[in-house]
Structure formats: structure tokens, C-alpha cells
Amino acid sequence: MRKGCVFLHGSYYSRNFGDYLLFRIILDAIRSEFPDVDVVLPFASKEVLTEFRGEVRAATLRDFFRAELFVFGGGGYLGEPPKAILRWSINFLRRHYLPFFLIRILRVPVAIIGAGAGPISSFWLTPFVRHMLSKSIPVILRDKESVDFARSLGIHPDRIGLGTDLAQSPAFLKRITGAIQPYLLGDYVGIHIGLNLTGECEEAIEIELRKICTGGGSVVLFVDSPGHDVAIDTGRYPFRQLVLDFPSVVSLCKYSDAEEVIAIIQHSLGVITGKLHVGIVACTLGVPVLSIPVHHKTERYYRHIGMTDSCVTSADQFERKMEFFFDKVHGKVRTILPSHVDEAHQKTLNSLIKAVRSARQ
């Protein structure tokens, strides 16, 4: 079979833990099934390309005329964030719709695999999203809310499939971490520094963390992107007093790479985070999670996997769900994702492989 070229696109304009994982698993899946295919990140920043250590590259002009498929990988870029909506909307056109429009002019088929969609409140933006969804085959979205949103735009139900987030593969996550050791050996709780906590919530969690520190356990405060290292440098992170009071058992971990973040999560007793993919990795590896989200896509995920007790969606739930989390931490409990999640994950990967195979015929 001829040497092919597949474009892989998503939110790759800065280094980000979740987006790197999504690209990594799609890249590995395509190369495993089609070793002769050249997978290219056409519009990725140099910073992002560096994280792949030379395994992938940006596109050349020639690539645009030999591309067989344009894959929109996972990510929440088809739905707006809770704030800064106008800026996001303009960036969406520049970062996602224009590449889609360009590749369609070149008559390259488009597949959307494992993305999240909606909501869109800007009436003028809706037609662009509708156009992308209606001209892509297949469209596999990662949760029910995304599917419902696509159908609300008038997309025929037969064109939209329900999948899941592609990062939910224990074998994949353990394989890419390899022999990486966790940042701190022993029993510890991982705290993602990107948390957005009220004073009362931080105080309540700190009481529990102090019990762990005085009871023979440890705490690792970590970040999931180099952009958050500044929080450590400036001392603007939650639970700073713990670092001062327990310097021998509370550690700060700057961002090295995604593999180290996975290792920190994998070997922890539990993880407290507000970010989607930190929580996804933890749940996939059986690690208890206390999610305190700032984005609706995170709430969607825990509904999708049937683990809403791990996600705080209102202030009156916090104490109960925090206690639920620390009970699992102290009991060294490991959880297993429901079987339907694994089935949806395999369906999403199969849709990707089928799309590549169809494009190459």
C-alpha cells in the first residue's frame, strides 16, 4: 500500500497534559494499525512538537496535497468555556474552523473522534459548528450532552455516535510511563495545583491532609503543564502552609512531562483536582478522585462514567463528597471503571481505525 499521510488536529497551541495524551493515543493507534502512514500535526506549535521528541512534525506544503484524512482528535474545542466566551469564539474560528475549511477545499475527508461539543451561546458561531459536524464522517463524541447538542443543531442522529474520552486506557497509560518512578515513594495524596478553591473548602481539605502528614503519609503538590510552574515560583498555590509546616513529607513537583504526571497520579492514594484529564487518568487507573471543577465538561465526564460522587458540583455537596474521598484514601481503595466505559473507548478507537482504512482505499 502507498505511503499515506494523516493529519491529526486539536488543541495543540501550547503544552497541555490532557491534549498530549489524546494525541499520543491516537498517534499510537494509527501507527500500530498502519505503520506506513505518516501522522502529521499540521498546525501545532513548536512547543507542542517538542514534547513528542521528534516522533511527529508540522506539515509541509506537499503534505496538504497528499493528506488522506484530517482527524479532529479529542478535546472540548467544539464547546465554549464558562468565561471569556467572545475570545474563545474568535480563537475557535482561527484555530479550528479555518483549518477545517481549508482541508475541505482540498477535498480531504474529515473525521471527528472523541471530541466534546457544546454549549455554544453565540448565535453567529453556531452555523460554523453545524457545518463542521455535518461535513465530517464519522463524528464520535465523548458524552451524551455532546451528542444531544449536535442533534439540537439539526445533525441527523445516524451521523453522530456516542463514544468516550480516548485517554481511558489503563494499558496505554501504564505503557507510556514505563519505568518512571513516582515523585515521592510511599503513601501520598496528590494535589493538583490548578485547583480553584474557596477558603472554607481549602481549610476543610487541609485539616484532612494534616492528619495524613502526621500519620505517616505524604502529600505531593503537582502541576499538569509548564504554564502552571509560575504558581510554584511565586508561592501562589493552595496549601502553601503545609509545605512550610511539613517540609519533609510535602513536596512540590514542577512540570517535566506528561509521563511523570501520570506516574504521580498512578502511585498516589488519591488525587484532588479541578482539571478534566488529571481526573480521567486517575479514574482510569483506579485512583480515587475528588474533582472540584470549573468547567462543565468535567461535570459531564463524571456523569458519563457514573461516578458523580467524585465530583463536587455545588457547595452543599462538598463536605459529603470530601469525606467519601478521604474514606477511600485511608482505606487504600482502588476503583474500576464501569464496563460500558471500556466498551465506548474501544468503539471510539475502532471508529478511528475504520476512518483511516476507508480514507486509504
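Above this text sits the structure in question.
A quick note: this is a predicted structure, and the numbers were derived from the prediction, not measured.

Assigned secondary structure in the protein consists of 15 helices and twelve strands. Against the compact-globule benchmark of 21 Å for 361 residues, the protein has a radius of gyration of 21 Å, which places it among compact chains. Overall size of the protein, expressed as C-alpha extent along the three principal axes, is 65 × 40 × 40 Å. At a minimum sequence separation of 6, the contacts of the protein that also span at least 24 residues come to 75%. Surface accessibility of the protein: about 15,500 Å² in total, with carbon and sulfur atoms responsible for 54%. Distance between charge centres in the protein, computed from 42 positive and 37 negative side chains, equals 9 Å.

Positionally, Thr273 belongs in strand 11 (residues 270-273). A relative accessible area of 0% places Thr273 in the buried class. Within polar-contact distance, the side chain of Thr273 engages the backbone nitrogen of Lys275 at 3.0 Å. Apart from residues no more than four positions distant in its own chain, Thr273 is found in contact with His192, Leu195, Val278, Gly279, Val289, Leu290, Ser291 and Ile292.

A surface patch of nonpolar side chains, amounting to about 470 Å² of accessible area, comprises Leu86, Ile90, Phe123 and Trp124. Residue placement: Trp124 occurs in the loop between strand 5 (110-117) and helix 5 (126-134).

Okay, helix 15 (residues 339-360) next. Across its 22 residues, helix 15 extends 32 Å between first and last C-alpha, which sits within 8% of the 32 Å expected from 1.5 Å per residue. The inward-facing, buried residues of helix 15 contact strand 1 (4-9), helix 1 (17-33), strand 2 (37-40), strand 3 (67-72), strand 5 and strand 6 (139-141).

Turning next to unusual backbone geometry. Omega for the bond connecting Gly118 with Pro119 falls within 30 degrees of zero, at -5°, which places this linkage in the cis form. Assignment of secondary structure puts Pro119 in the loop between strand 5 and helix 5. Residue Pro138 is bonded to the preceding Ile137 through a cis peptide linkage, with omega at -5°. Inspection of the secondary structure puts Pro138 in the loop between helix 5 and strand 6.

Ordered by their spatial adjacency, five strands build an open sheet running 10-9-8-11-12, and the pairing between neighbours is parallel. The open sheet has two free edges, formed respectively by strand 10 (250-253) and strand 12 (289-291), since each of these has just one partner strand. Mean inter-strand twist for the sheet, computed between neighbouring axes without regard to direction, equals 15°. Pairing of strand 8 (residues 188-192) with strand 11, which is carried by three bridges, proceeds in the parallel orientation. Pairing of Ile191 across the sheet is with Ile272, part of strand 11. Along the sheet, helix 12 (residues 276-284) makes contact with strand 8, strand 9 (218-222), strand 11 and strand 12, crossing strand 11 at roughly 160°.

Going through the model one piece at a time under the given rule, you end up with 25 salt bridges. When the shortest N-O distance is used, the salt bridge between Asp165 and Arg142 registers 3.4 Å. Within this pair, whereas Asp165 is found in the loop between strand 7 (160-162) and helix 7 (170-177), its partner Arg142 is found in the loop between strand 6 and helix 6 (144-152), the two being separated by 23 residues in sequence. With relative accessibility at 6%, the residue Arg142 sits in the buried group. The shortest N-O distance in the salt bridge between Lys254 and Asp233 comes to 2.5 Å.

Here the focus is the packing of aromatic side chains. Applying the stated criterion to the full structure yields 15 aromatic pairs. Ring centres of Phe72 and Phe100 lie 6.4 Å apart, and the angle between their planes is 55°; on these two criteria the pair is classed as tilted. Pair noted here: Phe72 is in strand 3 and Phe100 is in helix 4 (residues 85-105), with a separation of 28 residues, a long-range link. The same class applies to Phe72 as to Phe100, namely buried. Ring geometry for Tyr97 versus Phe100: centroids 5.9 Å apart, planes at 40°, classification tilted. With Tyr97 and Phe100 both in helix 4 and three residues apart, this pair spans about one turn of that helix.

As a further point, take the packing of helix 1 against helix 15. One can describe the packing of helix 1 onto helix 15 by two numbers: an axis separation of 10 Å at closest approach and a directional angle of 55°. Classed by the angle they form, the pair helix 1 and helix 15 counts as oblique. For the element pair helix 1 and helix 15, the recorded crossing hand is right-handed. Mapping the contact onto sequence places Ile25, Ile26, Ala29, Ile30 and Glu33 in helix 1 and His345, Leu349, Leu352, Ile353, Val356 and Arg357 in helix 15. The residue makeup of the contact of helix 1 with helix 15, split by class, is eight nonpolar, one polar and two charged.

Scoring rules and cut-offs
- Numbers given to residues run from 1 along each chain, matching the order in which its sequence is written.
- Selection of residues for local features in this predicted model requires a pLDDT of at least 70, selection of side-chain atom pairs for listing and counting requires 80 or more, and totals for whole chains, interfaces and linings are taken over all residues.
- The side-chain quantities take in all heavy atoms of the structure and omit both hydrogens and water.
- Helical segments are the DSSP runs of H or I of at least four residues, strand segments are the runs of E of at least two, and each set is numbered from the N terminus.
- As a reference, a globule follows 2.2 Å times the number of residues to the power 0.38, and the radius of gyration itself is taken over C-alpha atoms.
- Any two residues having at least one pair of non-hydrogen atoms within 4.5 Å are treated as being in contact.
- The method behind every accessible area is Shrake-Rupley, applied with a 1.4 Å probe, and residues are considered shielded solely by the protein chains displayed.
- Counted as positive: Lys and Arg. Counted as negative: Asp and Glu. His and the chain ends are not counted at all.
- A single reference atom marks each charge: NZ on Lys, CZ on Arg, CG on Asp, CD on Glu.
- A 1.4 Å probe rolled over the protein chains alone gives each residue an accessible area, and that area as a share of the maximum for its type sets the label: buried under 20%, exposed over 50%, partly exposed in between.
- Here a polar contact is recorded for every N or O atom pair within 3.5 Å, except that within protein the pair must consist of a potential hydrogen donor and a potential acceptor, and residues adjacent in sequence are included only if both atoms are side-chain atoms.
- Patches draw on residues past 30% relative accessible area with no salt bridge. Two like charges within 9 Å are joined, as are two nonpolar side chains (Val, Leu, Ile, Met, Phe, Trp, Tyr) within 5 Å.
- The rule for a salt bridge is simple: a side-chain nitrogen of Lys or Arg has to be within 4 Å of a carboxyl oxygen of Asp or Glu.
- An expected span of 1.5 Å times one less than the residue number is assigned to each helix.
- A pair of strands counts as paired when DSSP detects no fewer than two bridges linking them.
- Fitted lines through C-alpha atoms serve as axes, helices being fitted only where they are in contact, and the angles separating the N-to-C directions of these axes extend from 0 to 180 degrees.
- Stacked, tilted and edge-to-face are the three classes applied to pairs of Phe, Tyr and Trp rings, where Trp contributes its six-membered ring and a pair requires centres within 6.5 Å; stacked means planes under 30 degrees apart, edge-to-face means over 60, and tilted covers the rest.
- Note that the term roughly parallel is reserved for angles under 35 degrees, roughly antiparallel for angles over 145, roughly perpendicular for angles of 65 to 115, and oblique for everything else.
- Take the far helix as your reference; a near helix turned counterclockwise from it by less than a right angle gives a left-handed crossing, and one turned clockwise gives a right-handed crossing.
- Classes in brief: Ala, Val, Leu, Ile, Met, Phe, Trp, Tyr, Cys and Pro nonpolar; Asp, Glu, Lys and Arg charged; the others, Gly included, polar.

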